[in-house]
Structures are given as C-alpha cells and as structure tokens.
Amino acid sequence: MVEASRADFYLVTVFLGGGAAWLSGRAVASTWRDYRQAVIYALLLGCAVRFFHFALFEGTLFSLPHFVTDTAYVLALATLGFRAERATQMATRYGWLYRQAGPFGWQRGASETSREDAA
C-alpha cells in the first residue's frame, strides 16, 4: 500500500522505520524485557512512520490502511530483531543448556541429549 511514491515508502517505512524497529527489538531483548514491550514500541514506531509520511511527503496522517501496513511491517522487523538477539543471548549465556538453531531460535544443546541417551 504505497501512498505517494515507492521511493517515499522505501525510505520512510522500509529503511527508517524498519531499521528503528530492528534496533528497538534487539534493545528490548538485550535488557531481558518481555516481548510485549517490543510490541508497544512497534506500535509507537508505526505512529512515527505515519507522521513522517504526513510531514515529509504530504501523505494522509489518519489513514487506517496505511497505518496498519506500516505498523505490520515495523512489528515484523521488531519481532525478528527481538528473536535474533534472544537466540544469541540464550546460546551465549546459557551455553551449557542451549545452542543456537538458526538466526532466530535455540534448542537444547548436544550435551543434554547425549546424557539422556546414555541413561
């Protein structure tokens, strides 16, 4: 849902809003806060992105479809940033229990499964 031009959408929503969302999701996870706080920050970032479209490119300030689109994208990147940081935290701080399984997840480490198999 592009309002004015694709370049405006990519600059404000994808680059600025997405970058801020990724960093805010990682910041929330790095301080061991709950995911709900990342959602609240994403909603606030969605409002800020909508305001930037209005202030810089004469977009519509109160447009529900555009707000939902911007906020959904920002929330998705905040979630990915949160999960990436949390997966790294779990693997590094609790390395005796967990190992990182891809960029966004973790699972029980090999030492735990070998102990269960031996028993």
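For clarity, every value in this text was computed on a predicted model and none was experimentally measured.

K.L.:
Any details on the confidence of the model for the chain? Residues and values, ideally.
P.N.:
When the pLDDT values of the chain are averaged, the result is 82; 83% of them are 70 or greater. Across the chain, the secondary-structure element scoring lowest on mean pLDDT is helix α4 (residues 110–118), at 51, and the one scoring highest is helix α2 (residues 35–57), at 91.

K.L.:
If you had to explain the packing of aromatic side chains to someone new, which residues and values would you point to?
P.N.:
All told, the structure shown has 4 aromatic pairs when counted by the stated rule. Plain terms: the ring middles of Y35 and F82 are 5.4 Å apart, the flat faces sit at 65° to each other, and that makes the pair edge-to-face. Here F82 lies in helix α3 (residues 64–93) and Y35 lies in helix α2, a separation of 47 residues in the sequence. For the pair F51 and F54, a centre-to-centre distance of 6.3 Å together with 45° between the ring planes defines the contact as tilted. Of this pair, F51 and F54 both sit in helix α2, 3 residues apart, which is roughly one turn of the helix. Ring-pair connections join several aromatic residues into one group, and the members of that group are F51, F52 and F54.

K.L.:
Quick rundown of unusual backbone geometry? Include the residues and the values.
P.N.:
Glycine aside, residues mostly have negative phi angles, and peptide bonds mostly take the trans form. Although it is not a glycine, W32 sits at a positive phi angle of roughly 60°. With respect to the helices and strands, the residue W32 is situated in the loop between α1 (6–30) and α2.

K.L.:
Explain α2 to me, and be specific about the residues and the numbers.
P.N.:
Helical geometry note: an α-helix holds 3.6 residues per turn, so side chains three or four residues apart project in the same direction. Between the first and last C-alpha of α2 there are 32 Å, a value that for 23 residues agrees with the 33 Å anticipated at 1.5 Å per step. Listed as buried for α2 are A38, A42, L45, G46, V49, R50 and H53. Buried residues along α2 sit in contact with α1 and α3. Directly after α2, the chain includes E58, whose backbone phi takes a positive value near 55°.

How each quantity is defined
Residues numbered from 1 in each chain as written. Predicted model: local features only at pLDDT ≥ 70, side-chain atom pairs only at ≥ 80, totals over all residues. Heavy atoms only, no water. pLDDT = per-residue confidence, 0-100. Helix = DSSP H or I, 4+ residues; strand = E, 2+ residues; numbered from the N terminus. Phe/Tyr/Trp six-rings, centres within 6.5 Å; stacked < 30°, edge-to-face > 60°. Expected span 1.5 Å × (residues − 1). Buried < 20%, exposed > 50% of the residue type's maximum accessible area, 1.4 Å probe, protein only. Contact = heavy atoms within 4.5 Å.

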